[in-house]
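A look at the structure
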Amino acid sequence: MPSFPTHRKESWKTRRFRWMMNCFPTYFGTGGRILFISSDWKEIHIRLSLNLFTYNYVGVVYGGSIYSAMDPFYMLQLIHILGKEYVVWDKAANIRFLRPIKKKVYARFLIDDLLIEKIKQQVAQTQEMEITLPVEWTDKEGNVYAHIDKVLYIASKEYYKQKRSRKQTAKPA
């Protein structure tokens, strides 16, 4: 069930992926819950709340949970949207904690057609690129609790294979 207004719908495949990911121990342990994945992978909604898995010493959501609950989504979206001709890796992140989280907060990951076209054009020209995508944890009233900038590396699969093979042959014995 989406937590943000959207015209998009889930498919059986994305609903199954959401359910499996929420049960996957690595993601389950973050305390985050995926609420919605659109059938085209261009929109994802997640929730995080203060609970047994997420509270820290001072009684608010642990910073590691704030980051790890949102960590994989832009990479997963781009892998599904761009397809097998591209390599996508998380490269870096910058997180700014704005206020302590004591209640349910939500994050929305949106990727539009303009961004996809920009990525494809850039990779066609330079074979690889880095892109920074923002996401925020907000409550139902719109208050922002944390701002995260994710840096992703994207390359054509062929270029990435060549680059890796050059690095492996250049290693000293």
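Everything discussed here concerns the structure shown above.
Before going into details, it helps to say that this report is about the structure given with it. (Residues numbered from 1 in each chain as written. Predicted model: local features only at pLDDT ≥ 70, side-chain atom pairs only at ≥ 80, totals over all residues. Heavy atoms only, no water.)

Details of the pattern of salt bridges
Should the charged atoms of two oppositely charged side chains come close, the side chains can pair. As enumerated under the stated definition, the model contains 12 salt bridges in all. Between Arg15 and Glu10 there is a salt bridge whose closest N-O contact spans 3.6 Å. Judged by relative accessible area, which is 41%, Arg15 ranks as partly exposed. You can call Glu10 buried: its relative accessible area is 16%. Where Arg18 meets Glu10, a salt bridge forms, and the shortest distance between an N and an O atom there is 2.7 Å. Across the pair, exposure class does not vary: Arg18 and Glu10 are buried alike. Within the structure, one salt-bridge network assembled from shared partners comprises Arg8, Asp40, Glu43 and Arg108. (Salt bridge = Lys/Arg side-chain N within 4 Å of Asp/Glu carboxyl O. Buried < 20%, exposed > 50% of the residue type's maximum accessible area, 1.4 Å probe, protein only.)

Section: the environment of Ile46
Assignment of secondary structure puts Ile46 in strand β2 (residues 43-48). For Ile46, the contacting residues outside a window of four places in its chain are Tyr27, Arg33, Ile34, Leu35, Ala69, Met70, Phe73, Val105, Tyr106, Ala107, Phe109 and Trp137. (Helix = DSSP H or I, 4+ residues; strand = E, 2+ residues; numbered from the N terminus. Contact = heavy atoms within 4.5 Å.)

Here we look at the nonpolar core
Here is a general trend for soluble globular proteins: nonpolar side chains tend to be buried in one another's company. If you look at the biggest cluster of nonpolar residues, it comprises 40 residues, and the most contacted ones within it are Ile46, Leu78, Phe109, Ile119, Trp137 and Ile154. Mapped onto this core, the elements with two or more residues apiece are β1 (32-37), β2, α4 (73-82), β3 (86-97), β4 (105-110), α5 (113-126), β5 (128-138) and β6 (144-156). The element contributing the most residues to this core is α4, with seven residues. Within the second largest apolar cluster, five residues are counted, among which are Tyr153, Ala155, Tyr159 and Tyr160. (Core = buried A, V, L, I, M, F, W, Y, C linked by side-chain atoms within 4.5 Å.)

Here we look at the packing of aromatic side chains
Summed over the entire model, instances satisfying the criterion amount to six aromatic pairs. Aromatic side chains Tyr27 and Phe73 sit 5.6 Å apart centroid to centroid with 85° between the ring planes, which places their arrangement in the edge-to-face category. Here Tyr27, found in helix α2 (residues 25-28), pairs with Phe73, found in helix α4; they are 46 residues apart in sequence, far enough to count as distant. For Tyr27, a relative accessible area of 3% puts it in the buried group. (Phe/Tyr/Trp six-rings, centres within 6.5 Å; stacked < 30°, edge-to-face > 60°.)

Describing the pairing of β2
The two faces of a sheet get side chains in turn, since along a regular strand they alternate between them. Counting buried positions along β2 gives five out of six residues, so the element sits mostly inside the fold. With five bridges joining them, β1 and β2 adopt antiparallel strand pairing. The residue of β2 that forms the bridge with Ile37 is Ile44. Adjacent in sequence and paired antiparallel, β1 and β2 are bridged by five residues, among which Trp41 carries a positive phi angle near 65°. (Pairing = 2+ DSSP bridges.)

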